[in-house]
Amino acid sequence: MDEPVLKLENYAVSFDTPQGEIEAVRGVDLSVGKGEILCIVGESGCGKTVMCRSVMKLLPRIARIKHGRVFLNGEDITDYGEKEMRTLRGNVVSMVFQDPMITLNPTIPIGRQITEAILKHKTMSRKDAKKRAFELLTLVGIDDAETRFHLQPHFFSGGMRQRCVLAVALAMSPKLLFADEPTTALDVTVATKMLDLLMDIRKKTGISIVFVSHDLGAVARIADRVAVMYAGKIVEIGTAEEVYYDPRHPYTWGLLSSLPSLAEENGELHSIPGMPPQLLAPPPGDAFAERNKYALAIDYEQMPPMFKITDTHFAATWLLDKRAPEVKPPVFLQSGSGKWKKN
Ligand SMILES: Nc1ncnc2c1ncn2[C@@H]1O[C@H](COP(=O)(O)OP(=O)(O)O)[C@@H](O)[C@H]1O
Ligand SMILES: [Mg+2]
């Protein structure tokens, strides 16, 4: 098997704040294969963004890798500083964010911004860089690139801007793309087109994608694998089929139960009561315990290990311990709602 493009080993990231240590990422093991689309889902504040930005080393100074290691394309980049990262960012790994205007300059024509992004990394003539910029605009599905090349971002719709950002991110043909809620601000049809575009780009380029979303429903379309994150940890990970059809962690059940498309069949929406815990002082056991109606006594005391369900499917819940009472997921999840068919 090919070496993973991204590998995290027991990876932890903390912020040192005046109030104390915020444990945003708490011991994550993860790998992303070549050409794979891994979706990371979980409620807001679970550490998804911090984890991705930390790999890019795009966090403020108060953030530090507490323990663990990170490998990019086989290279141990854990201790890399700004200088080493500058050669990797764009070339090996890129990131797109929820708000395209974080990346784009509102006053400069799109074509020039993409051309500059290329010239920043590569010595080539301006003419060739321009040619490449046209190719990129076409790759991200912007028709009439000839005209649009010369327009500033404010002439573009939200969806179009996100495509331009993608063109910038893909300029140097990186091996890995972090897409952090890139569709969250878009309406459903535009978002769907964006997901299709990402799948198309993966097919054409073989790029690996880590796609972050708070919405388990929104990523069903593109996920090869899904990692569910809660309070800085991955609590369940598996192929899309495994996570959507055979979820094992009560938090995953909660996320699935609160999806409107499932509620339509079931008649009501089951939101998860309560909120994710403060990461300033995370609870000692399973961080989900206090919101979990199936919680066992041990959940309040000891962190559950990752239990293996199949070679690809793992979940960290004491319910999978052989001493635990048998607990079945909510009935409407047991049928493995046909909604989650992968296309
Ligand atoms: N700059 C920062 N300083 C201190 N804490 C932060 C900072 N950025 C994020 N955090 C904390 O890290 C945790 C995870 O945040 P984040 O990764 O943004 O969550 P998500 O992307 O899953 O919504 C949150 O508890 C948040 O308060
Ligand atoms: Mg986020």
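Bear in mind that the values here come from a model prediction, so they are computed numbers and not experimental data.

Okay, the pairing of strand β2 (residues 20–32) next. Judged from the 10 bridges that link them, strand β1 (residues 6–17) and β2 form a sheet pairing that is antiparallel. By the bridge assignment, Tyr11 is partnered in β2 with Val28. Between β1 and β2, which pair antiparallel in sequence order, lie 2 residues.

Around ligand 1, the surrounding shell holds 14 residues, and the nearest of these are Gly45, Gly47, Lys48, Thr49 and Val50. When ligand 1 sits alone it has 560 Å² of accessible area, and the protein chains cover 68% of it. Put simply, the parts of the chain that give the shell around ligand 1 at least two residues each are β2 and α1 (48–56). Considering each element in turn, the shell around ligand 1 owes the most residues, 3 residues, to α1. Taken together, the residues that form the shell around ligand 1 break down as 8 nonpolar, 4 polar and 2 charged.

Below, the discussion takes up the sheet that holds strand β3 (residues 37–41). The strand order β6-β7-β8-β3-β9-β10-β12-β11 describes an open sheet built from 8 strands, whose pairing is mixed. In the strand order of this sheet, the two ends are held by β6 (93–96) and β11 (307–308), each with one partner. Relative to strand β7 (residues 176–180), β6 is paired through 4 bridges, and the arrangement is parallel. When the bridges of β7 are listed, Val93 appears paired with Leu176. The strands touched by α1 within the sheet are β3, β6, β7, β8 (208–213) and β9 (225–230), with β6 carrying the most contacts at an inclination of about 145 degrees.

Turning our attention to the packing of aromatic side chains. Under the criterion given, the structure shown has 6 aromatic pairs. Seen in terms of ring centroids, Tyr251 and Phe288 are 5.1 Å apart; in terms of plane orientation they differ by 65 degrees. Their pairing is edge-to-face. In this pair, Tyr251 is assigned in helix α9 (residues 250–257) and Phe288 in the loop between α10 (260–266) and β11, connecting sequence segments 37 residues apart. The two residues Tyr251 and Phe288 agree in class, both being buried. For the ring pair Phe307 and Trp318, a centre distance of 6.0 Å and an interplane angle of 70 degrees mean the geometry is edge-to-face. One end of the pair, Phe307, is in strand β11; the other, Trp318, is in the loop between β12 (314–315) and α11 (331–334), with 11 residues separating them in the sequence. No difference in accessibility class separates Phe307 from Trp318, as the two residues are buried. Grouped by ring-pair contacts, the aromatic residues Tyr230, Tyr251 and Phe288 constitute a single cluster. Over the ring of Phe71 we find Lys7; its NZ or CZ atom is 5.7 Å from the centre of that ring.

Calculation criteria
Residues numbered from 1 in each chain as written. Chains lettered and ligands numbered in written order. Predicted model: local features only at pLDDT ≥ 70, side-chain atom pairs only at ≥ 80, totals over all residues. Heavy atoms only, no water. Pairing = 2+ DSSP bridges. Helix = DSSP H or I, 4+ residues; strand = E, 2+ residues; numbered from the N terminus. Near = heavy atom within 4 Å. Areas by Shrake-Rupley, 256 points an atom, 1.4 Å probe, with all protein chains shown as cover. Nonpolar A, V, L, I, M, F, W, Y, C, P; charged D, E, K, R; others polar. Contact = heavy atoms within 4.5 Å. Axes fitted to C-alpha atoms, helices over the stretch in contact; angles between N-to-C directions. Phe/Tyr/Trp six-rings, centres within 6.5 Å; stacked < 30°, edge-to-face > 60°. Buried < 20%, exposed > 50% of the residue type's maximum accessible area, 1.4 Å probe, protein only. Lys NZ or Arg CZ within 6 Å of the ring centre and 35° of its normal.

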